Every structure is written in C-alpha cells, then in structure tokens.
Amino acid sequence: VQLQASGGGLVQTGGSLRLSCAASGRTFSSYFMGWFRQAPGKEREFVSLIGWSGIGISYADSVKGRFTISRDDAKNTVYLQMNSLKPEDTAVYYCAAGTPKSGYTPRSARWYDYWGQGTQVTVSS
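The text that follows walks through the structure, step by step, so that each part is easy to find. (Residues numbered from 1 in each chain as written. Predicted model: local features only at pLDDT ≥ 70, side-chain atom pairs only at ≥ 80, totals over all residues. Heavy atoms only, no water.)

**Concerning the packing of aromatic side chains**
By the definition in use, this model includes seven aromatic pairs. The interplanar angle of 85° and the centroid separation of 5.9 Å between the aromatic rings of Tyr31 and Tyr114 together place this pair among those described as edge-to-face. Here Tyr114 lies in strand S10 (residues 112–115) and Tyr31 lies in the loop between strand S3 (17–23) and strand S4 (32–38), a separation of 83 residues in the sequence. Overall, Tyr31 belongs to the buried group, its relative accessible area being 11%. Here Tyr114 falls in the partly exposed class, since its relative accessible area comes to 31%. (Phe/Tyr/Trp six-rings, centres within 6.5 Å; stacked < 30°, edge-to-face > 60°. Helix = DSSP H or I, 4+ residues; strand = E, 2+ residues; numbered from the N terminus. Buried < 20%, exposed > 50% of the residue type's maximum accessible area, 1.4 Å probe, protein only.)

This is how it looks when you write it as structure tokens:
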C-alpha cells in the first residue's frame, strides 16, 4: 500500500484545513487508517484513527471536538477535517495504514504498516 497525504498549508488561528490521504491498491478497506503528527523537536503523536467501514473512531484529547476523521473506501481515501486550528496544531501530519497486532493498540504508531510522506500544517497566531 502506498499512501499520499495532501491538503496541508498555512492557516491562521481558528481556521480550517482538510487533509486527504489517498491509498493505492485494492485492499484499502481492510486497513485501519490513522493520522499522526510530529512537531519540531517532539515525538510523533497520535491524532486520530478510523477502523474498518468507518467503525471505531478515536481522537487524541487535544483534538477532540475540533477534528473529524472519515474514510471513503470507494475512493481509497481517508480525510481529516481540522477546524478551530491552534498554533499548537502546527506539525507535519502523517497518514498510516495498519492491521491489528498483538500487544499494540491502534493508537500506537507500531500498529501501522504503511506511512505516507507527511504534509505540513502551520497555524499562525
């Protein structure tokens, strides 16, 4: 599976962006899809995930109520709608595809087998 993230950019505080992650291959629907982010000097952190058929959605506390994840299996694409953006949301955002692994939860980066190249989101104050 190859993942291509897009939709990042520069936005002011309170603004919105929608990230997209397009996947190659015909098995997209069999993967959990996740979004992670990494700010300069910080570790990569979980943002959101969506399970098979859109079931099993989860968000980090820091984005809950502001971000919405969705998937369109017909288009092999997962989306992250980001509203009410804050400067602390500034990071490179990565999408990832994974299947269940013993010992890990889908909020862990180790759950995921494939990663996109990342898209930069910058929120100015």
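**What about the pattern of salt bridges?**
As a working rule, side chains carrying opposite charge can pair if their charged atoms are close by. Following the criterion strictly, the structure yields six salt bridges and no others. Salt-bridge contacts for Asp89 lead to Arg66; the nearest nitrogen and oxygen are separated by 2.7 Å. Within this pair, whereas Asp89 is found in the loop between strand S8 (77–82) and strand S9 (91–98), its partner Arg66 is found in the loop between strand S6 (58–59) and strand S7 (67–72), the two being separated by 23 residues in sequence. Note on accessibility: Asp89 and Arg66 belong to one class, buried. The shortest N-O distance in the salt bridge between Lys101 and Asp113 comes to 2.7 Å. Taken together, the residues span a long stretch of sequence, with Lys101 in the loop between S9 and S10 and Asp113 in strand S10 at a distance of 12 residues. Assessed through its relative accessible area of 24%, Lys101 is described here as partly exposed. The exposure class assigned to Asp113 is partly exposed, which follows from its relative accessible area of 35%. Ionic contacts of the salt-bridge type, sharing partners, join the residues Arg37, Glu45, Arg66 and Asp89 into one network. (Salt bridge = Lys/Arg side-chain N within 4 Å of Asp/Glu carboxyl O.)

**Things to note about the pairing of strand S11 (residues 119–124)**
Side chains Thr119, Val121 and Val123 of S11 all project onto a buried face; the interleaved residues Gln120, Thr122 and Ser124 project onto a face where none is buried. Of the strand pairs in this sheet, strand S2 (residues 9–12) and S11 are connected by four bridges, and their pairing is parallel. Paired with Gly9 across the bridge in S11 is Val121. Pairing between S9 and S11: three bridges, direction antiparallel. Among the inter-strand pairings, Val92 is bridged to a residue of S11, identified as Gln120. (Pairing = 2+ DSSP bridges.)

**A word on the nonpolar core**
In terms of nonpolar packing, the biggest core is built from 36 residues, with Met33, Trp35, Phe67, Val78, Leu80, Met82 and Tyr93 touching the most fellow members. Mapped onto this core, the elements with two or more residues apiece are strand S1 (3–6), S3, S4, strand S5 (45–50), S7, S8, S9 and S11. (Core = buried A, V, L, I, M, F, W, Y, C linked by side-chain atoms within 4.5 Å.)

**Quick notes on the sheet that holds S3**
Pairing is antiparallel across the open sheet formed by four strands, whose spatial order is S1-S3-S8-S7. Strand pairing shows two members of the sheet lacking a second neighbour, S1 and S7, which therefore form its edges. Pairs of neighbouring strands in the sheet enclose a mean axial angle of 15°, with direction left out of account. Of the strand pairs in this sheet, S3 and S8 are connected by six bridges, and their pairing is antiparallel. Residue Ala22 lies in a different strand from S8, and its bridge partner there is Thr77. (Axes fitted to C-alpha atoms, helices over the stretch in contact; angles between N-to-C directions.)

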